[in-house]
Amino acid sequence: MPARRIAHLDMDAFYASVELLRYPELRGRAVVIGGGSAHQPVPQPDGTHSYSLLRNYVGRGVVTTSTYEARALGVFSAMGVMKAARLAPDAVLLPTDFKAYRHYSQLFKAAVAEIAPEMEDRGIDEIYLDLSSHDEETETLARRLKQAVRDATGLSCSIGVAPNKLLAKICSDLDKPDGVTILTPADIETRIWPLHVKKVNGIGPKAVEKLAGLGLHTIADLAHVDAGLLQAHFGRSYALWLQDVAQGLDERPVVTSSEPKSLSRETTFERDLHARHDRDTLSGIFTALCVKVAEDLKRKGYVGRTIGIKLRYDDFRTVTRDVTLPASTDDAAAIRRAAGECLRRVPLEKRLRLLGVRVTALTPRGAAGDTPGPSQGELSLA
Ligand code: TTP
Ligand code: MG
Ligand code: MG
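Residues numbered from 1 in each chain as written. Chains lettered and ligands numbered in written order. Predicted model: local features only at pLDDT ≥ 70, side-chain atom pairs only at ≥ 80, totals over all residues.

**Focus on the UniProt feature "binding site: Mg(2+)" (unreviewed entry) in the protein**
For step 1, the next point in the chain: According to UniProt, the "binding site: Mg(2+)" (unreviewed entry) feature falls on Asp10 and Asp125. Taken together, the annotated residues stretch across 116 residues yet fold into one region, lying no more than 5.7 Å apart by C-alpha.
For step 2, the next point in the chain: Positionally, Asp10 belongs in strand S1 (residues 6-11).
For step 3, the next point in the chain: Exposure remark for Asp10: the 20 C-beta atoms within 10 Å place this residue in the buried category. (UniProt positions renumbered as here; feature names shortened; annotations may be inferred. Helix = DSSP H or I, 4+ residues; strand = E, 2+ residues; numbered from the N terminus. Buried ≥ 20, exposed ≤ 12 C-beta atoms within 10 Å, placed from the backbone.)

**Quick look at the domain arrangement of the protein**
For step 1, the next point in the chain: The assigned domain composition of the protein is domain 1 (6-10 + 103-165 + 178-189), domain 2 (14-99), domain 3 (195-246) and domain 4 (262-364).
For step 2, the next point in the chain: Using only C-alpha atoms to locate each centre, domain 1 and domain 4 end up separated by 39 Å. (Domains from an automatic or database assignment.)

**Quick word on the sheet that holds strand S15 (residues 352-364)**
For step 1, the next point in the chain: Taken in spatial order, the 4 strands of this open sheet run S12-S15-S13-S14, and their pairing is antiparallel. The sheet is open, and its two edges are formed by strand S12 (262-273) and strand S14 (318-329), each paired on a single side. Taken over all neighbouring pairs, the strand axes of this sheet differ in orientation by 15° on average, direction set aside.
For step 2, the next point in the chain: Bridge count between strand S13 (residues 302-313) and S14: 8 bridges; the pairing is antiparallel. Within S14, the residue paired with Gly304 across the bridge is Thr329.
For step 3, the next point in the chain: Contacts from helix H12 (residues 279-300) reach S12, S13 and S15 within the one sheet, and its direction differs from that of S12 by about 160°. (Pairing = 2+ DSSP bridges. Axes fitted to C-alpha atoms, helices over the stretch in contact; angles between N-to-C directions. Contact = placed C-beta atoms within 7 Å.)

The structure is reproduced here in structure tokens:
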């Protein structure tokens, strides 16, 4: 597989930086975002504003973010505002204004998409980009992206470029704010291994604690630990993933927002049906749903690997089951077989009011990794 060039772009102190566009006189000060409307700055006759200070705060609010000046005093996202007030009593407190943040989010993403349309939206202030098809040298391209964001919004961001999403995400954080970090596989041992495991997206506080209990703190520790020990404590799939992480391996594609994540069809019955008494009716509906999903996949040009079902009982309780196939498919018979397998794993004593079939883990048909399934198949009932 040819090496990919994946970027992760993350805005710097995003909510706070948007507020500073509005109140430029606060630049250079410790500012915390997290107040309610009572903390709205009050305009003064001389054109300046009177601001709420953290020292006067009483309440249960939480810091959404803070300027880098406030971070230097120990004030970070998710901290209680009253605790922040003890650390930084003179910091300015501003109310959150999601509408403004959403507006700037759209602006920066649109500016980036003009240059690099293969973009995956990862939330209000970050995106992944697949830059593999660009000819431009990486550093030049990254700087051009940063300039486009600045021109469109007046805001700075940090970019990491690496062979995959895992490493790109780590890298965008290594030189914040206003940074560009480019990483090649040869840099993994020197630049990634020394980092704490918590820097990895997907190793949450619980896993961090458990790893610490095993004496594992850095990514290098993960790289050197016995695979059996990880499996014993974390289960097979997470352990295997941790080992991939330590080697800097990650093959997840950049999923552009125009691509669907799943396709599904479901139907609510006119009267509640019973799995045994209404077996033929149910089978017919079930098969028809699979045929429709397969048609949707073919029409949109996707194949999917994970086939799931959704059942709702007459008491409105909903259950889902899914199964992942060895290869992606858009074949109605294969989907019907897999969905039938799922159906056998749910209790069927109660009457049903809804049945649904969903295909997830979609990839564009013909993309690397999908093996074309049979185009025609027999629709036999499970
Ligand atoms: P982040 O990108 O995590 O943080 P940031 O942009 O403020 O700072 P950095 O320069 O380190 O990237 O989050 C983006 C926005 O999401 C942030 O500005 C506020 C909001 N947010 C919360 O509301 N609560 C949280 O706990 C976090 C982490 C972020
Ligand atoms: Mg950010
Ligand atoms: Mg972010």
